[in-house]
Amino acid sequence: MVPFLGFAKAEEDKKAVKADTAVVTEAKDDEEVKGAFAFSGYLDSYYMANFNKPASRSNMGASNARVFDQKSGQFSLGLVQTRVAYTNAKSEAVVDLAFGPNANMGNYGNALFSTALAIKQAYFTYKFTDKFSMTAGQFGTHIGYEVIDAPANFNYSLSNLFNNGPFYHAGLKATYAFSDRASLMVGVVNNVDGLGDNNRAKGVISQLYFKPVENWNVYVNYIGSNEANTDSLGKQPDGFYQVFDLTTSFQVSEKFLLGLNAAYGSQKGDFQGAGGPLKTETWGGVAVYANTAITENFGIGARYEYFNNDSGVRGLLTAAKTGTKVNSVTLTGNINLADGHILVKPEFRLDAYPKLSGSGEAQQFEDSEGGWTKNSQTTFGLAFIYKF
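Report on the accompanying structure. Everything numeric here is computed off the predicted structure, so don't read it as measured data.

## Quick look at the overall build of the chain
Inference 1: What the chain contains, in helices and strands, is 3 helices and 17 strands.
Inference 2: Put simply, the chain has 388 residues, and 48% of those count as buried.
Inference 3: A fraction of 61% describes how many contacts in the chain between residues 6 or more apart in sequence connect residues 24 or more apart.
Inference 4: Only carbon and sulfur atoms are counted for the fraction: they give 60% of the accessible area of the chain, which is about 17,400 Å².

Right, dumping it as structure tokens:
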């Protein structure tokens, strides 16, 4: 069956890539099963052709136009992941390691060449009751629809909402399940996207999950923190960073899925030493997803996204380092081979930015001669993924 992104970002076990043939070893004591190990992972690579034929062979444009598929006109390695989990009736421990160019970019909050750079997730969960559990360690963010793992997303290239939201957190969180249709998660974490904290302040995260009807999942997510670096006297400057996020998916039929992600963020003051606005500035966007299975081994999905960073507080900027906005359309095929272990994803994507007026004004994208003359970018590529 063609894999669908039939869930939004939630708890780690829902977001992690599930191997079809995980190696499981049971630990037995007096003929009683105590727990089990599971090993899974994947590797991915891609080739992306850019119709602008940029001289630099980069899909990045003036600033952060893409997340991971940054190179054009060449075969590129994406990410290699290995995940080990130990689970018993009351607890779970997960060590999720990632290597390769995408791992470096997705874990940018840790020092280059440090062992921490390979850690995508490392956490454990203790179940106090069937309804209440707590998780400690480093875990993927609950914000957003898409995840860092290529096999779990229908589209290969990632959205601007993903690119401009948190990637991971280090801290402690608790989840209470009111029923199988509703739960609440609340947690305390360090600064965004880093194991170490850049100040004494702590962030607050939360997620409300509910299922209004069968096959419809809704996640209301939040993060709020002070991301300002401490000053030379060790004092904490005023400032805040917060994101409200809505993620929902509805499995209309066995072969058709609709999804939506909407986010609204705001910032005042410094963000981890990069500076920031003196007054509150905002950004936000919305993405709509539609996936359908044509056959058991082939599906096709579309994504439309609008992202607005006119304020300039996030990474999506013009060549002059001012704020901008973008409309993006992505069309992706999913081909299953080797009983679902191999995924081939052909993908077309168009990103359109406002055309800047003025003589000699640098546009968003580079042409074949190195000039910044293009306000849109069209790419077509193939992603090759093996999961185990």
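## As for the side chain of Thr 135
Inference 1: Tracing the chain through its elements places Thr 135 in strand E6 (residues 132-140).
Inference 2: One polar contact links Thr 135 to Thr 125, side chain to side chain, over a distance of 2.7 Å.

## Considerations on the nonpolar core
What tends to happen in soluble globular proteins is that the nonpolar side chains get buried as a cluster.
Inference 1: Counting residues in hydrophobic clusters, the biggest one holds 27 residues, and the most contacted among them are Ile 205, Ile 223, Tyr 241, Val 243, Trp 283, Phe 307 and Tyr 353.
Inference 2: Counting only elements with at least two residues in this core, the list comes to strand E8 (182-189), strand E11 (240-253), strand E12 (256-268) and strand E13 (281-295).
Inference 3: The element best represented in this core is E13, accounting for 3 residues.
Inference 4: Membership of the second largest hydrophobic core comes to 18 residues, among which are Tyr 42, Ala 150, Tyr 156 and Leu 343.

## Observations regarding the pattern of salt bridges
Inference 1: Evaluation of the coordinates by the stated rule reveals 9 salt bridges.
Inference 2: The partner of Arg 181 in a salt bridge is Glu 214, with the nearest N and O atoms 3.1 Å apart. Placement of the pair is Arg 181 in the loop between strand E7 (168-179) and E8 and Glu 214 in the loop between strand E9 (203-210) and strand E10 (216-225), with a sequence separation of 33 residues.
Inference 3: Since its relative accessible area comes to 32%, Arg 181 is described here as partly exposed.
Inference 4: Its relative accessible area of 48% is what places Glu 214 among the partly exposed residues.
Inference 5: Here the salt bridges do not stand alone but share partners, grouping Arg 66, Asp 69, Arg 349 and Asp 351 into one network.

## Observations regarding a nonpolar patch on the surface
Inference 1: A cluster of nonpolar side chains, namely Phe 51, Ile 294, Phe 298, Ile 300, Tyr 304, Val 329, Leu 331, Phe 348, Leu 350 and Phe 380, defines an oily patch on the protein surface of about 850 Å² accessible area.
Inference 2: Those elements giving two or more residues to the nonpolar patch turn out to be strand E14 (298-309), strand E15 (324-337) and strand E16 (342-352).
Inference 3: Here the nonpolar patch gets 3 residues from one element, more than from any other, and that element is E14.
Inference 4: Relative to the helices and strands, Tyr 304 resides in strand E14.

## Thoughts on unusual backbone geometry
Inference 1: Even without glycine at this site, Ala 338 takes up a positive phi of about 50°.
Inference 2: Its place among the elements puts Ala 338 in the loop between E15 and E16.
Inference 3: Classification of Ala 338 as partly exposed rests on a relative accessible area of 42%.
Inference 4: The backbone phi angle of Asp 339 is positive, close to 55°, even though this residue is not glycine.
Inference 5: Within the secondary structure layout, Asp 339 lies in the loop between E15 and E16.
Inference 6: On the basis of relative accessibility, which here comes to 74%, the residue Asp 339 falls in the exposed class.

## Quick word on the environment of Val 84
Inference 1: Turning to its location among the elements, Val 84 is positioned in strand E3 (residues 75-87).
Inference 2: The class for Val 84 is partly exposed, based on a relative accessible area of 36%.
Inference 3: Distance in space between the C-alpha atoms of Val 84 and Val 95 is 5.3 Å, their sequence separation being 11 residues.
Inference 4: In this structure, Val 84 is in contact with Phe 37, Ala 38, Phe 39, Ala 93, Val 94 and Val 95, ignoring residues within four places of it in sequence.

Cut-off values and rules
Residues numbered from 1 in each chain as written. Predicted model: local features only at pLDDT ≥ 70, side-chain atom pairs only at ≥ 80, totals over all residues. Heavy atoms only, no water. Helix = DSSP H or I, 4+ residues; strand = E, 2+ residues; numbered from the N terminus. Buried < 20%, exposed > 50% of the residue type's maximum accessible area, 1.4 Å probe, protein only. Contact = heavy atoms within 4.5 Å. Areas by Shrake-Rupley, 256 points an atom, 1.4 Å probe, with all protein chains shown as cover. Polar contact = N/O pair within 3.5 Å; in protein donor to acceptor, adjacent residues only side chain to side chain. Core = buried A, V, L, I, M, F, W, Y, C linked by side-chain atoms within 4.5 Å. Salt bridge = Lys/Arg side-chain N within 4 Å of Asp/Glu carboxyl O. Patch = residues over 30% accessible without salt bridge, like charges linked within 9 Å, V, L, I, M, F, W, Y side chains within 5 Å.

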